[in-house]
Amino acid sequence: MKYEALKKEDPEIYGLIQKEARRQKEGLEMIPSENYASSAVLEAMGSILNVKYAEGYPGKRYYGGNIYIDEIERLCQKRALKAFGAEGYHVNVQPLSGSPANLAVYFALLTPGDTIMSLKLDHGGHLTHGSPTNFSGKNYNFVFYPVDPKLETLDYDVIEKLAAEHKPKIILSGYTAYPRSIDFERIAKIAKQVGAISMADISHISGLIVGGVHSSPFPYTDVVMTTTHKTLRGPRAAMLFCREEFKDQIDKAVFPGMQGGPHEHTIAGIAVALREAMTDGFKEYVAQILKNATTLAKSLQGQGLKLVTDGTDNHLMLIDLRPFAAGSGIFVEKALEEAEISVNKTTVPNDPMPPYYPSGIRLGPPALTSRGMKEQEMEQAGKLIARIVKEFAKIKLPEEKEKRAASVKEFSAKLADNSLIKEVKSQVIELASKFPVPGIDLPH
Ligand code: DSN
C-alpha cells in the first residue's frame, strides 16, 4: 500500500504505521494467530465499500443501494461453502470477529443457564469458551473437559463420559492453544449420543482445513465458527457455518440479535482471501506451515526445551517453562520482544499461575511461512529463541501479587542493554530482512 494521501493528511498516524511496518519487516512475528493478508485482500478492505450500510441479508436489506453489496456478500458465501467443502450448510459471513460469533451461537441456540461442554481454558480453550470473566461464562453453565494429565492430548473417552453425565446442549471443540489435531467426527458422534449440538471453533486451523492438511469438521459438526485472519490469511472477521435447520436462528442472532450494519468492505476482503485459499499455491503454503512447525518444534526440543504434548501436529506449539520457573512467561515474552521476536505468554495444562503471569510461551510459523521462510530459517529461529528462553525463564516472579507488576517493569527497563539480547536481535534482523512481508511497502 502506498499511503500517499495518509502521508500528506496525517503524518502522525502515517509515521506510526511506518514504524509498525518496519517492526514487522525486521522482526519475526511468531504469534500463531497472526498472519499476513495479501495486498489484494488489503485493497478490498480499504475500498469504497466502507461507506455502505447494509443491515439485513442479501435480497432483504434495511437500506437502499445494496445491489452490488448483495452480489459481493453472496459471492463470499458461495466461496466459503466451496472452500470448506461445506455442502448442505448455510454460512453467515457477517460476524465482526470470533468472540461475537461464538456468543451469537450461544444466543441463537441456548437459553441462559444451559450447559455447554468445552476444553478447560488453561488446557487450550478460548476466553469465549466459558471464562468466568466473559459473557459466555457469566451466562451459561460450562462444564469443562481436561486433556490427559500425562500426554496433554484430548481424551475422547473422558469427553464421552462427561457428556453422558452432564447432558450438555452444546459440545464445543476447536481451541486457541492446542498443538494437536482434533477428531471432529468422534466429538460430533459423542454429541449425537447425548442429544447435544456439536460446535467447532476452527479459527486457528481453518487455513489448514481448507488446504487439506488437517481433518475437517464438515460434514460432521452442526455449527462451525472460524475467524478469517489466522491461517486463512483474510481480514479480521469471522464466519459461521451451520446446518440448514439452524439457519434462521443463527442469522437472527447475528443480525439483529447482536450486530447492526455488516462490514461489507471486510466481507469483500474475506471473499478475496477465500479465492486465494482455493489455489494450489495455498495448498503448498499450508503444507509448508506444517513442515516449518515440525522443524521449529524439533529445533526447540533439540535445545533442551519441553513442549506441551512433546510436539505439534498443527501450526502452533507451547513451550512449558515450568522446568525453569512457573510464572516466567511474562519475562520470556518481554525478552523475546526486545530481540524483535513476537510470541505470546500462555497458560500450560494445569498451570499453577494465573493467565496474566502464566508458565508457557505460545508460538508458531504461519506468518513467517507467508514471508517465504522454510525449514532452514525455522531451525535458526528455534536456536535463537531457545537462547533467550534458557536465559530468562529462570527468573522468578515475586510470590506477593502486589509486587509482580513492579518486578516486570524493573526487568523490562534493563532489557535494551542486555548483551545476549543485543546479539540475538542483530541476528533476527539479519534473518528477517531477507524476506519480504506481504502487504508492506516501506519507503526507500
Ligand atoms: N486471540 C486469539 C488467539 O490469539 O488465539 C483468539 O481470539
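By convention here, each chain's residues receive numbers from 1 onward along its written sequence. Residue-level local features of this predicted model are given only where pLDDT is at least 70; pairs of side-chain atoms are given and counted only at 80 or more, and the full residue set underlies all totals for whole chains, interfaces and linings. By convention in this description, side-chain values take in all heavy atoms of the structure and omit both hydrogens and water.

This paragraph deals with empty space enclosed by the protein. A cavity, in this analysis, means grid points on a 1 Å lattice covering only the protein atoms where a 1.4 Å probe fits yet has no way out; a pocket is instead an open set bounded by protein on both sides within 12 Å along at least five of seven lines, and a residue lines either one if it has an atom within 4 Å of a point. Grid points are joined across faces, edges and corners, and a volume is the space filled by probe spheres set on the points. Enumeration over the complete set of coordinates arrives at one cavity of 30 Å³ or more. Roughly 60 Å³ of volume is contained in the largest cavity. Along the walls of the largest cavity sit 13 residues, with Tyr-175, Tyr-178, Ile-182, Ile-205 and Asn-314 positioned nearest its centre. Grouping the amino acids of the lining of the largest cavity by side-chain chemistry returns six nonpolar, six polar and one charged. Polar here means any residue other than Ala, Val, Leu, Ile, Met, Phe, Trp, Tyr, Cys and Pro, which are nonpolar, and Asp, Glu, Lys and Arg, which are charged; Gly is therefore polar.

A separate point is the environment of Pro-365. Secondary structure elements are taken from DSSP: a helix is a run of H or I of four residues or more, a strand is a run of E of two residues or more, and numbering for both begins at the N terminus. Tracing the chain through its elements places Pro-365 in the loop between β15 (360-363) and α14 (366-370). Looking at Pro-365, the relative accessible area reads 0%, which means it is buried. In this structure the C-alpha to C-alpha distance between Pro-365 and Gln-303, which are 62 residues apart in sequence, comes to 18 Å. Leaving out residues up to four positions away in the same chain, Pro-365 has contacts with Ile-289, Asn-292, Ala-293, His-315 and Met-378. Each residue is assigned to one of three classes by its accessible area relative to the maximum for its type, calculated with a 1.4 Å probe on protein chains only: buried under 20%, partly exposed between the two thresholds, exposed over 50%. Contacts between residues were defined by any pair of non-hydrogen atoms, one from each residue, lying within 4.5 Å.

Moving on: the environment of Ala-325. With respect to the helices and strands, Ala-325 occurs in the loop between β12 (317-320) and α13 (329-338). The class of Ala-325 is buried, set by a relative accessible area of 5%. For the pair Ala-325 and Leu-397, spaced 72 residues apart in sequence, the C-alpha to C-alpha distance is 8.3 Å. With near-sequence residues (within four places) excluded, Ala-325 lies in contact with Ala-393, Lys-394, Ile-395 and Lys-396.

Right, let's get into the UniProt feature "modified residue: N6-(pyridoxal phosphate)lysine" (unreviewed entry) in the chain. UniProt positions are given in the numbering used here, feature names are shortened, and annotations may be inferred rather than shown by experiment. Here, the residues flagged by UniProt with the feature "modified residue: N6-(pyridoxal phosphate)lysine" (unreviewed entry) are Lys-230. Mapped onto the secondary structure, Lys-230 falls in the loop between β9 (223-227) and β10 (238-243). Those residues in contact with Lys-230, other than ones at most four positions away along the chain, are Ser-33, Asn-35, Ser-203 and His-204.

On to the UniProt feature "site: Plays an important role in substrate specificity" (unreviewed entry) in the chain, then. Under the feature "site: Plays an important role in substrate specificity" (unreviewed entry), the UniProt entry names His-229. Assignment of secondary structure puts His-229 in the loop between β9 and β10. In this structure, His-229 is in contact with Ser-33, Asn-35, Ser-97, Gly-234, Pro-235, Arg-236 and Ala-237, ignoring residues within four places of it in sequence. By the criterion applied in these results, polar contacts are pairs of N or O atoms within 3.5 Å in which, for protein atoms, one can donate a hydrogen and the other can accept it, and in which residues neighboring in sequence qualify only through two side-chain atoms. Within polar-contact distance, the side chain of His-229 engages the backbone nitrogen of Ala-237 at 3.4 Å.

Before going further, it helps to examine unusual backbone geometry. Backbone torsion omega between Phe-218 and Pro-219 reads 10°, so that peptide bond is classified as cis. Assignment of secondary structure puts Pro-219 in the loop between α9 (206-210) and β9. Pro-256 follows Phe-255 through a cis peptide bond whose omega is 10°. Checked against the element boundaries, Pro-256 lands in helix α10 (residues 247-258). Phi is positive for Glu-152, which is not a glycine, with a value near 65°. Tracing the backbone shows Glu-152 in the loop between β6 (141-145) and α7 (156-166).

By convention in this text, a residue qualifies as near a molecule or strand provided that one of its non-hydrogen atoms is within 4 Å of it. Around the ligand, the neighbouring residues are Ser-33, His-126, Thr-176, His-204, Lys-230 and Arg-362. Within the side chain of His-204, one N or O atom sits 2.7 Å away from an oxygen atom of the ligand. The contact in question runs from an oxygen atom of the ligand to an N or O atom on the side chain of Arg-362, over 2.6 Å. Its residues placed into classes, the shell around the ligand shows no nonpolar, four polar and two charged.

Each nonpolar core is a collection of buried residues, namely Ala, Val, Leu, Ile, Met, Phe, Trp, Tyr and Cys, held together in the definition by side-chain atoms within 4.5 Å. Residues Phe-84, Leu-154, Ile-171, Ile-182, Met-239, Phe-241 and Leu-274 are the most contacted members of the largest nonpolar core, which totals 50 residues. Listed in part, the 45 residues of the second largest apolar core include Leu-307, Val-332, Ala-386 and Ala-432.

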